[in-house]
Amino acid sequence: MGAAEVVELPSWVTLLRAPNAGPMTLDGTNTWVLRAPGAEHAVVIDPGPLDEDHLARIAGHGPFLFILITHGHHDHVEGAARLSELLGGTHVLAADPRHGVPADPLGRGEHLGADGLEIQVLDTPGHTADSVCFLVECAGERVVFTGDTVLGRGTTVVAWPDGDLGAYLPSLALLTAYERVPMLPGHGPARADCAALAREYLTHRDQRLTQVRAAVAAGADSPEAIVAAVYPEIAPDVRFAALWSARAQLDYLRRESQQAPEQLDPL
Ligand SMILES: [Zn+2]
């Protein structure tokens, strides 16, 4: 049960959970503060919603070298510009320049040194086009911050059309490289083994695609029909997310079937 294990946080990581619990945010957005032992400056990942009390609590953990963003969903980024302002202009680094302060895009694969923290930006699109993960090494320990690419509980959604299942599956495969490296997600608890959890997600996606293929073969020809066939027990308040996933799955299968003749006919 390695993948199911909830893990204790390293001493240099603090979790500040935002007060925005809900069907899509689980217990609320996880805002992570990272400070190497003895370091003056910290780094914050995902300030979360525009909630003044939450942002003031984050600011109390400063000074910060910069603010990192895993992806542009509002429950992660909405408070970023305000936090930057509260801190006197601390830079916000995001893959999507619309969320950066100033608006320089964070390079995928980029390495950032930060007062005792070594941070690598992992290119993991799929949940959204701009999703990245952060591999952070400090004091001989490595952890991966996954945003919404992999969650601490349940599964995540491919937020079609911005999200893309064809991009998401290789991103999960990339995360299977981090054997027994703790995974600190955007929602839910930290988990002991990033690779094991990414493999579980890949298996889950594979099973869903098998179900969707069967539903299509049986005549399901719309996202609504896919949801009815594959997610029959879906709660009304997250049905929109199931429709996103169904559209992402249909889009993926359509492209897969378009590619098939080329695979059969190598020139
Ligand atoms: Zn998200």
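Details of the structure are given in the entry above.
Residues numbered from 1 in each chain as written. Predicted model: local features only at pLDDT ≥ 70, side-chain atom pairs only at ≥ 80, totals over all residues. Heavy atoms only, no water.

**A short note on the overall build of the protein chain**
Here is step 1 of the chain: From N to C terminus, the protein chain includes seven helices and ten strands.
Here is step 2 of the chain: Accessible surface for the protein chain amounts to roughly 11900 Å². Of this, 54% is attributable to carbon and sulfur atoms.
Here is step 3 of the chain: Considering the protein chain, the positive charge centre built from 18 side chains and the negative charge centre built from 35 side chains are found 4 Å apart. (Helix = DSSP H or I, 4+ residues; strand = E, 2+ residues; numbered from the N terminus. Areas by Shrake-Rupley, 256 points an atom, 1.4 Å probe, with all protein chains shown as cover. Lys, Arg positive; Asp, Glu negative; His and termini not counted. Charge placed at Lys NZ, Arg CZ, Asp CG, Glu CD.)

**Let's talk about the pairing of strand β3 (residues 42-45)**
Here is step 1 of the chain: Every second residue of β3 is oriented toward a common face, with Ala42 and Val44 on one face and Val43 and Ile45 on the other, all of them buried.
Here is step 2 of the chain: Direction of pairing for β3 relative to strand β4 (residues 64-68): parallel, over a ladder of four bridges. Considered in β4, the bridge of Val44 is made with Ile67.
Here is step 3 of the chain: For the crossover that starts at β3, traverses helix α1 (residues 52-59) and ends in the parallel β4, the hand is right-handed. (Buried < 20%, exposed > 50% of the residue type's maximum accessible area, 1.4 Å probe, protein only. Pairing = 2+ DSSP bridges. Right-handed = clockwise from strand over helix to strand, strands pointing away.)

**Considering the layout of surface pockets**
Picture a little ball the size of a water molecule; that probe, rolled over the atoms, points out where space is still empty.
Here is step 1 of the chain: Empty space within the largest pocket amounts to approximately 620 Å³.
Here is step 2 of the chain: What lines the largest pocket is a set of 29 residues, and nearest its centre among them are Met24, Thr155, Thr156, Val157 and Ala241.
Here is step 3 of the chain: For the lining of the largest pocket, the elements supplying multiple residues, two or more each, are α2 (74-77), α5 (194-217) and α7 (239-264).
Here is step 4 of the chain: In terms of residue count, α7 provides more of the lining of the largest pocket than any other element does, five residues in total.
Here is step 5 of the chain: Residues that form the lining of the largest pocket fall into these classes: 13 nonpolar, eleven polar and five charged. (1 Å grid on protein atoms, 1.4 Å probe; cavity = no way out; pocket = protein on both sides within 12 Å on 5 of 7 lines; lining within 4 Å. Points joined across faces, edges and corners; volume = space filled by probe spheres on them. Nonpolar A, V, L, I, M, F, W, Y, C, P; charged D, E, K, R; others polar.)

**Some points on the sheet that holds β3**
Here is step 1 of the chain: If you walk across this open sheet you meet the five strands as β1-β2-β3-β4-β5, and the pairing is mixed. Two strands lie at the open edges of the sheet, namely β1 (13-17) and β5 (92-93), each paired on one side alone.
Here is step 2 of the chain: Inspection of the sheet shows strand β2 (residues 30-34) paired to β3 by three bridges, in the antiparallel sense. Each bridged residue has a counterpart across the sheet, and for Leu34 the counterpart in β3 is Val43.
Here is step 3 of the chain: In this fold α1 packs onto β1, β2, β3 and β4, with an angle of close to 165° to the strand it touches most, β1. (Contact = heavy atoms within 4.5 Å. Axes fitted to C-alpha atoms, helices over the stretch in contact; angles between N-to-C directions.)

**A few points about the pattern of salt bridges**
Any two side chains of opposite charge can pair, on the condition that their charged atoms come close.
Here is step 1 of the chain: Summed over all chains, the structure comprises twelve salt bridges.
Here is step 2 of the chain: Residues Arg17 and Asp27 are paired through a salt bridge, measuring 3.9 Å at the closest nitrogen-oxygen approach. Remark: Asp27 occurs in the loop between β1 and β2 and Arg17 occurs in strand β1; sequence separation between them is ten residues.
Here is step 3 of the chain: Linking Arg153 and Asp27 is a salt bridge whose minimum nitrogen-to-oxygen distance equals 3.3 Å. Of this pair, Arg153 sits in the loop between β9 (141-147) and α4 (165-175) while Asp27 sits in the loop between β1 and β2, and the two are 126 residues apart along the sequence.
Here is step 4 of the chain: Overlapping salt bridges bring together Asp164, Asp251, Arg254 and Arg255 as one network. (Salt bridge = Lys/Arg side-chain N within 4 Å of Asp/Glu carboxyl O.)

**Observations regarding the environment of Pro182**
Here is step 1 of the chain: Within the secondary structure layout, Pro182 lies in the loop between α4 and β10 (183-185).
Here is step 2 of the chain: Linking Pro182 and Ala42, residues 140 residues apart in sequence, is a C-alpha distance of 20 Å.
Here is step 3 of the chain: Other than its neighbours up to four places away in sequence, Pro182 contacts Val7, Arg142, Val143, Val144, Arg191 and Ala192.

**A few points about the coordination of the zinc ion**
Here is step 1 of the chain: Donor atoms from the polypeptide that bind the zinc ion are His71 (NE2), His73 (ND1), His127 (NE2) and Asp148 (OD), placed at 2.1 to 2.2 Å.
Here is step 2 of the chain: Geometry at the zinc ion is irregular, judged from its four donor atoms and the angles of 93 to 155° they form at the metal.
Here is step 3 of the chain: For the zinc ion, all donor residues lie on one chain, and their spacing in sequence is H-x1-H-x53-H-x20-D. Residue His71 is found in the loop between β4 and α2, and its partner Asp148 is found in the loop between β9 and α4; the two are separated by 77 residues along the sequence.
Here is step 4 of the chain: For His71, a relative accessible area of 1% corresponds to the buried category.
Here is step 5 of the chain: Its relative accessible area of 6% is what places Asp148 among the buried residues. (Donors = N, O, S within 2.8 Å, 3.2 Å for Na, K, Ca; no water. Tetrahedral: all angles 85-135°; square planar, octahedral: opposite > 155°, others 65-115°.)

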